[in-house]
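Chain by chain, the residues:
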Amino acid sequence: MTSCLLLVGVMSCQNEVFDEQVAEVSQAQNKQDYLEFKSEEAFAKALAELNQKSHVQLDIWEQEQKGFVSLRKRYNEVIKAEEINGDNGLEPLKSREATLYARVYVPSEYGGIEPNVADWRMMAVVNVDGIVKIGNFIHQFSKSETKSILHKVGVKDDVAKLKATSKANIAAGLTVFPVVSSQKNISGSVPSVKGARPSDSVTPLPGSRFCEGFSGSPQEWRIIAYEEMLEIKRGGEETICEPSIKYNSTTGQYEPTISCRTVTNPNLTQYQAQLHIRTLKRGFWGSWNDRSSSGQQANGTWKLTASSTIVSPGWNSGNTGTVNNPFANTSYNVTNTTGETSTLNFIFWTSTLASSGNSNVRLDGSSTHNTIWNGYNCQCSI
Amino acid sequence: MGRRVVTPTHDINFLMRNLLFLLVVCSVSGCIQAVDIDGPEYVKKPVVFGILHPDSLLKVNLTWSRPATTTNPALSIKNAEVTFFENGTPLGESVDKEDGNYSLPVRPKTGRSYKVEIKISALPLITAEDYIPRWMDTNLYVSDRNPSNTNSNPDITYTLKNFLPDNSTLWMGLYSTQYFPDGWAPGCIVGGQIQPGCELIIRKITGDSYVTTASPIFDSFNGFFDPLSNRFSNSSPARVRADILADEDTPTVKFAAFNQGEDRWGQVKRPNDTRPFGENILEITFAGPAYDRYLKSALLAYQNRLTDFDGNLFSPFAEPSPVYSNVTNGLGIFGARNGRYIVLKLNTTYQLTP
């Protein structure tokens, strides 16, 4: 009973201003340890605001979410432990933390590790298993797929079902979608092109370009930068607004209006255009380990291309500045303001989760990026 | 649930264990002690430095060695008698003796040995010798950008035609040019013209100039194998293994750059970048036996460091590495080389004849 009351109280708080209380840890039965967001809007707002916070601010925010341990926290612990191990000449991924929290990262094909979640902004809001509840859906996010289940009142084992399943079950309200990334789709049939440029004889897939730069003798430091266009499909609640004619009994006239309704849809898509920067140090035995710093910078221009240039129902500027028209060249010049990290993403643009309106959105091949790791003499350009 | 029963024997054992632990802690902490080890006693010695090349005059610079405790500039030796020899025949005594620099208006020839004899009063005769390698008939090819290489850099193929070993060693380095002064020097190029006071220099930074290969054709002392890219990588300059050249009549060295080139290999100019582009440069050097040993030992000494600039472990096997000297009764190096700098362009073949 106490738990139920607490849950009700928590749910009623979620429309409040984010900085005061955007999300609460569910203390309901089964000792749930994930965050709940009342709606997609609340979740999107939380992601946008948390993405502006430094790691110190995120640490404080997470401490306020009692009982909740984020994937970000464990991931950073693994990074720290691996850095210490690397400095001591030990092999990568042999630290205690790397063994304990193997779920929170995936070994990167470029060396080191990457968070086991496709949208790196989510690191702070999903738990170590990638679980978060948004509206009536419970989701499990990972780098390669998104699993969602429609939560029904009284059902207690939906999180367990979500974790256990690898296949969709429509009857059970459970969906599984692969994450589509321009770097490499789930089948691996779209390879990234190293450092390729628009004028290259090999035409790169837009949004898949990659570069790397080294310094030290022999190579000791390394920056890698790559574009990524994400398509994340999942279930959720979609707000659909349509124009209609409504009778006004006061005036006695029919008036145009827009009526909106929230629809549960198991198949929604969100697009995101971004530039990733990762910084690494080579260990004595030749392997590359993540190396945190606050010296990452990037500048350049970007724009989107799409088979349909209508981006609807909405989109947001990322953390590289305000965007007026994502299909026109936009200059950006950004510096890492989050504090020490080896895993940084600068987001240009992100769409609203929707069932239609976006079609094959990509970063245009004319986009340019100059990335610098200050203090380590590493840089590369796309 | 059982309850642990504590007996007097347990207490004694417990106390003994703790006492033993304390004793070990005290004795171990007592082992930490700063130890000063005196270095070798400073003995003032003459230092000879001269790297001969066919396009430059015979020249050496003479200074006195300095104690390790000073940062003062080295004092030049001004009253020495310096004689140069070609294949054992004296060419004459140096006529120019400014600031410790001694030269002779003679350019060394390839395929010959050069020796220097230096007389300084009250010191034994100082001598050093090296050999100027011949330039081989060679061919250089730069491909188009290759997506299978890091940063899609082009393949660079260097072929030695009718290779004749002559006791020299081949070194190769990838560098770039850039405009100086003032770093990138915005304003050095106005309307496509180089402005006065700006010059194009070759930027040789050991820390960010690399060559990478699919097979281990370069000496591994300043390189490593990267399992991620499945390629070998060496800092520039890289030393071509002698056995690679000796195995074939027409040996070929194929490699690529790791970092992006200075001009991004002819790509479009980037926005927000006011600096003019430089060029990608390949340095090809045939090193004489003494210069080869000196260069390798000097680079090895730099590689052989215990910590990096962050103070973290760089190499647990680091140890002092002496730098080679071919100077009898002195320090330094009197070496010889024969090299060329090539400005690299995509899809281009270069005939590099002797």
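Structure first, text after, so check above.
Remember, it's a predicted structure, so these values are computed and weren't measured experimentally.

**Section: the packing of helix α4 (residues 55–64) of chain A against helix α5 (residues 71–87) of chain A**
Residues and elements named next belong to chain A.
Right, on to step 1. Relative orientation of the contacting elements α4 and α5 amounts to 125°, with a least axis distance of 10 Å. Between α4 and α5, the angle falls in the class oblique. Two packed elements cross with a definite hand, and for α4 against α5 that hand is left-handed. The segment α4 lies against α5, with His55, Leu58, Asp59 and Glu62 engaging Arg72, Lys73 and Asn76.
Right, on to step 2. Considered class by class, the residues forming the contact of α4 with α5 number 1 nonpolar, 2 polar and 4 charged.

**Brief notes about the pairing of strand β4 (residues 89–93) of chain B**
Right, on to step 1. Sheet analysis places strand β3 (residues 81–86) of chain B next to β4(B), joined by 4 bridges and oriented antiparallel. The residue bridging B:Thr83 from the neighbouring strand is B:Glu93, located in β4(B).

**Overview of the sheet that holds strand β16 (residues 223–226) of chain B**
Residues and elements named next belong to chain B.
Right, on to step 1. Ordered in space as β16-β17-β15-β19-β10-β9-β22, the 7 strands form an open sheet in which the pairing is antiparallel. Two strands in the sheet have a free side with no partner beyond their single neighbour: β16 and β22 (348–352). Put simply, the sheet's adjacent strands are angled 25° from each other on average, direction ignored.
Right, on to step 2. The sheet contact formed by strand β9 (residues 138–145) and β22 spans 5 bridges and is antiparallel. The residue bridging Tyr141 from the neighbouring strand is Thr349, located in β22.

**Regarding the pattern of salt bridges**
Residue and element names in this part refer to chain A.
Right, on to step 1. Considering all chains together, one arrives at 24 salt bridges over all chains under this definition.
Right, on to step 2. Put simply, Glu77 and Arg74 hold a salt bridge, and the shortest N to O gap is 3.0 Å. Of this pair, Glu77 and Arg74 both sit in helix α5, separated by 3 residues, roughly a single helical turn.
Right, on to step 3. Judged by relative accessible area, Arg74 falls into the buried class, the value being 18%.
Right, on to step 4. A single network of salt bridges, built from pairs that share partners, joins Glu114, Lys143, Arg278 and Asp290.

**Considerations on the state of the cysteines**
All names here are of chain A.
Right, on to step 1. Taken as a whole and judged by the stated rule, the model has 1 disulfide over all chains.
Right, on to step 2. Across the disulfide from Cys211 sits Cys380; the S-S distance is 2.0 Å. Residues Cys211 and Cys380 are joined by a disulfide whose S-S torsion is about 65°; by sign, that bridge is right-handed. Placement of the pair is Cys211 in strand β11 (residues 209–215) and Cys380 in strand β22 (residues 378–381), with a sequence separation of 169 residues. The same class applies to Cys211 as to Cys380, namely buried.
Right, on to step 3. Unpaired in this structure, Cys378 has its nearest cysteine sulfur neighbour in Cys380, at a distance of 8.9 Å.

**Focus: the environment of B:Gly335**
Residues and elements named next belong to chain B.
Right, on to step 1. Within the secondary structure layout, Gly335 lies in strand β21 (residues 331–343).
Right, on to step 2. Classification of Gly335 by relative accessible area gives buried; the value is 0%.
Right, on to step 3. C-alpha of Gly335 to C-alpha of Pro154: the two residues are 181 residues apart in sequence and 33 Å apart in space.
Right, on to step 4. Other than its neighbours up to four places away in sequence, Gly335 contacts Gly50, Ile51, Leu52, Asp130 and Tyr291.

**Focus on a nonpolar patch on the surface**
Residue and element names in this part refer to chain A.
Right, on to step 1. Residues Ile245, Tyr247 and Tyr254 make up a contiguous nonpolar surface patch of about 390 Å² in total accessible area.
Right, on to step 2. Here Tyr247 is to be found in strand β12 (residues 221–248).
Right, on to step 3. A residue is classified by how much of its surface remains accessible, and Tyr247, at 44% relative accessible area, is partly exposed.

Rules and cut-offs
- Per chain, the residues get numbers from 1 upward, laid out in the order the sequence is written.
- As a convention, the first chain written is A and the first ligand written is 1, with the rest following in written order.
- Local features in this predicted model are restricted to residues of pLDDT 70 or higher, and side-chain atom pairs are both shown and tallied only at a pLDDT of 80 or more, whereas totals for entire chains, interfaces and linings draw on every residue.
- The side-chain values count all of the structure's non-hydrogen atoms but skip hydrogen atoms and water molecules.
- Think of each axis as a best-fit line through the C-alpha atoms, taken over the contacting stretch in the case of a helix, with angles from 0 to 180 degrees between the N-to-C directions.
- Put simply, DSSP marks the helices as runs of H or I at least four residues long and the strands as runs of E at least two long, and each gets a number from the N terminus on.
- When an angle is under 35 degrees it counts as roughly parallel; over 145 it counts as roughly antiparallel; between 65 and 115 it counts as roughly perpendicular; any other value is oblique.
- Helix crossings are classified by the rotation of the near helix relative to the far one: an anticlockwise turn of less than a right angle makes the crossing left-handed, while a clockwise turn makes it right-handed.
- Here a residue-residue contact requires only that any non-hydrogen atoms of the pair lie within 4.5 Å.
- Throughout, the ten residues Ala, Val, Leu, Ile, Met, Phe, Trp, Tyr, Cys and Pro are labelled nonpolar, Asp, Glu, Lys and Arg are labelled charged, and all others, Gly among them, are labelled polar.
- Any two strands with at least two DSSP-identified bridges between them are counted as paired.
- We define a salt bridge as a side-chain nitrogen of Lys or Arg found within 4 Å of a carboxyl oxygen belonging to Asp or Glu.
- Each residue gets one of three labels from its accessible area relative to the maximum for its type: buried under 20%, exposed over 50%, partly exposed in between, using a 1.4 Å probe on protein chains only.
- Note on disulfides: each one is a pair of cysteine sulfur atoms within 2.5 Å.
- The patches reported here contain residues having more than 30% relative accessible area and no salt bridge. Joining distances are 9 Å for like charges and 5 Å for nonpolar side chains (Val, Leu, Ile, Met, Phe, Trp, Tyr).
- Surface accessibility in these figures is a Shrake-Rupley result with a 1.4 Å probe; residues are shielded only by whichever protein chains are displayed.

Keep in mind these values describe shape, not function.
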